[in-house]
Structures are given as structure tokens and as C-alpha cells.
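Architecture and fold: a report
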Amino acid sequence: MTQQKSIIRIDSAPPRHWVGDGFHVHSMFSYNQDAHLYSPFLMLDYGAPYHCEPRDVNNGATPRGVGSHPHRGFETVTIAYSGEVAHRDSSGGGGIIGEGDVQWMTAGSGLVHDEFHSPAFSQAGGVMHMVQLWVNLPAKDKMTKPGYQAITQAAIPQAILDVASTRAGSVRLIAGERGGVRGAATTFTPMNVWDVRIEAGKTISLPQPEGWTTLLLVQSGSVTVNGSKAAGAAQLVMLSRNGTDVDITASEDTQLLLLAGEPINEPVFGYGPFVMNTQAEIVQAFNDFNAGKFGQIAE
Ligand code: MN
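To keep things clear, this report deals only with the structure shown in the data block.

Criteria and cut-off values
- Residues numbered from 1 in each chain as written.
- Predicted model: local features only at pLDDT ≥ 70, side-chain atom pairs only at ≥ 80, totals over all residues.
- Heavy atoms only, no water.
- Pairing = 2+ DSSP bridges.
- Helix = DSSP H or I, 4+ residues; strand = E, 2+ residues; numbered from the N terminus.
- Axes fitted to C-alpha atoms, helices over the stretch in contact; angles between N-to-C directions.
- Contact = heavy atoms within 4.5 Å.
- Salt bridge = Lys/Arg side-chain N within 4 Å of Asp/Glu carboxyl O.
- Buried < 20%, exposed > 50% of the residue type's maximum accessible area, 1.4 Å probe, protein only.
- Donors = N, O, S within 2.8 Å, 3.2 Å for Na, K, Ca; no water.
- Phe/Tyr/Trp six-rings, centres within 6.5 Å; stacked < 30°, edge-to-face > 60°.

**Quick word on the sheet that holds strand E7 (residues 85-89)**
Read across the sheet, four strands follow the order E5-E10-E7-E8 without closing on themselves; strand pairing throughout is antiparallel. Where the open sheet ends on each side, the last strands, each with one partner, are strand E5 (65-71) and strand E8 (94-97). If you compare each strand with its neighbour and ignore which way they point, the axes differ by 15° on average. Inspection of the sheet shows E7 paired to E8 by four bridges, in the antiparallel sense.

**A word on the environment of Phe29**
Tracing the chain through its elements places Phe29 in strand E3 (residues 23-30). Separated by 16 residues in the primary sequence, Phe29 and Ala13 have C-alpha atoms spaced 9.2 Å apart. With residues up to four places along the chain from it excluded, the contact list for Phe29 reads Tyr38, Phe41, Leu42, Met43, Leu44, Leu215 and Leu236.

**Some points on the pattern of salt bridges**
Using the criterion set out here, one finds 10 salt bridges in the structure. Here Lys140 ties to Asp141 by a salt bridge, and the two come within 2.9 Å at their closest N and O atoms. Using a relative accessible area of 69% as the deciding quantity, one classes Lys140 as exposed. Through salt bridges with shared partners, a single network forms among Arg9, Asp11 and Asp34.

**Focus: the coordination of the manganese ion**
Binding of the manganese ion to the protein goes through His69 (NE2), His71 (NE2), His113 (NE2) and Glu115 (OE), at separations of 2.1 to 2.5 Å. In the primary structure, the donors to the manganese ion are separated according to the pattern H-x1-H-x41-H-x1-E. Of the two residues, His69 sits in strand E5 while Glu115 sits in strand E10 (residues 111-117), which places them 46 residues apart along the sequence. Judged by relative accessible area, His69 falls into the buried class, the value being 16%.

**Comments concerning the packing of aromatic side chains**
Inspection of every chain in the model, using the stated rule, returns eight aromatic pairs. Between Phe274 and Phe294, the ring centres sit 5.9 Å apart and the planes meet at 75°, which makes this aromatic pair edge-to-face. Here the residue Phe274 occupies a position in strand E24 (residues 274-276), and Phe294 occupies one in the segment after helix H3 (279-290), the gap between them amounting to 20 residues. The exposure classification of Phe274 matches that of Phe294, with both residues buried. Ring centres 5.6 Å apart and planes at 65° place the aromatic pair Phe289 and Phe294 in the edge-to-face group. Take Phe289: its relative accessible area is 30%, and that puts it in the partly exposed class. Site record: aromatic cluster; members linked through ring pairs are Tyr271, Phe274, Phe286, Phe289 and Phe294.

Here it is, written out as C-alpha cells:
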């Protein structure tokens, strides 16, 4: 027997803030508040589309972004919808992600990285539209070796969803599994990270496992979920862990990010860029970082 997940809440985006001078984001949730409700996810920054004026980086101007900073104990996932983001980190990872690409960085035991608009995008200007998601690691993997998955648009499996032989939408499997197809990213705990499009007037079914945290970030358009009140652009829908069915009806062409995952039932103790299980581990993270143990970005 299946059962619908119910709607726990629908939250509107808070005002935007700048991360460095490059990323103008709505912080949709963070581990500082109700961390257990969002587990295994720690934070979601939504960079809704915004126009960036060109910057003459070919002649010495600095690109917009965030300079060198550390992380430990979790993963940062950057999804580019428009614009280009360049990363470098002290484990040797890095690259440029553009439209449809994803960077899945495992900070693990610790690294230092920077995140800037790419030189080409800085020079040309244009629309930046991105998401940064922080994914927790279970205690046993928090000190894993740092890693980096550069996931191109072409490497992300896409399913076209038909209803009554007409196109109803599509799902790109960034991570997770649907209908026997595996998503592009390797994860430490079970989760689905799906980029979903739904055509106006269509309903699609995206069931999620019983017991999983289930969130929908509506980026554009408008939906009802399991007959709920409507959720529109820059709103986050939280569904119940119990139940499985998630039926989404779009009243206009819609793009949304589905995040679902098995909760990690462990204490979350974080401070800024470090997320561990205890205060002692956070003190250790600061000590290790200050002692230079997170390495340096190679110039
Ligand atoms: Mn970072």
C-alpha cells in the first residue's frame, strides 16, 4: 500500500545576501536551525537568476567570487544553471562548471578552496543562476580523504516523463536512482538530487522512499504537491518522512530541485565552514586549519 507524503511546510525565500562578492543567494535552510529536519542535507543556498555586468578580467580586474576558505566534515555540491563557476582546492581538485554541470566536492578531513566566476563569464557578463547544497557525511566518513567529482551535463542521465503519450516533463538524475537508472554522483549515504522540469498543466509522480527527508525547491513556475496549496518561485516545500507518493502538478512551466535522502541520525555540531558531531571536533578542526593541515591551493 502506498501513501502520500503530506506537506509539513512551505517556506518563502528570505532576502538575498552576498557570499563573497560573487554569489547572491537566498539561504533556504541551514544546519543552525532544525538540522535534524533537513538531514542528510545541511544547507541550501539558492542563487536565483541575476545579471552580472562584465568585468575586464583580461586587463587586471578581479573576478567576482569567494576567496580561499576551509571546509571539513561534509560535501559541497554546486549546480550551475546559467553562468560559469571556477573552483580550485588544496587537494588538487578544480575546474569550471557551466550550464547543466555539477561540482560535487567532498571536503572530508579538510581542504581549502576558492570559488569564482570563470574568467570567460566574468569578461562577458551574463546571467548567473546556481545552487549550492551542503550534504552531511556520517560520522564514520567525516574524516575521509577529500575528493572531487566534476559532473558534466552530458554525464547526468535524463528521463523524459510522458503522461498519456504527451511530454509532461523531465528529470535529470544528479544523484540517486530512479526506475533502475543511477544518477551521476557517488554519495556516502542514500539520496536523490534531481533537476526536475514539468510542463504547464501536467502532473508527474516522483515517489520517494518511506522515512526519507523530502524537499522541493521551486525555482520557476508554480506547483501543487499532493493537493497542497500552491508553491511558487523561490519557495521550499518540505514533505513528511512518512508516506511515499509525491504527485506534482504544474500550473505553469516549472523547474524545481528535488532533494530527498535517508536522515543521518547523529548529532550535528557545526561552526561556519566546519560541520562535525561534537564541539571537541570543531575545536580540533580550527586547530588543524590554523596549523596548516588543510593544505594550500597550488598557484
Ligand atoms: Mn566553500
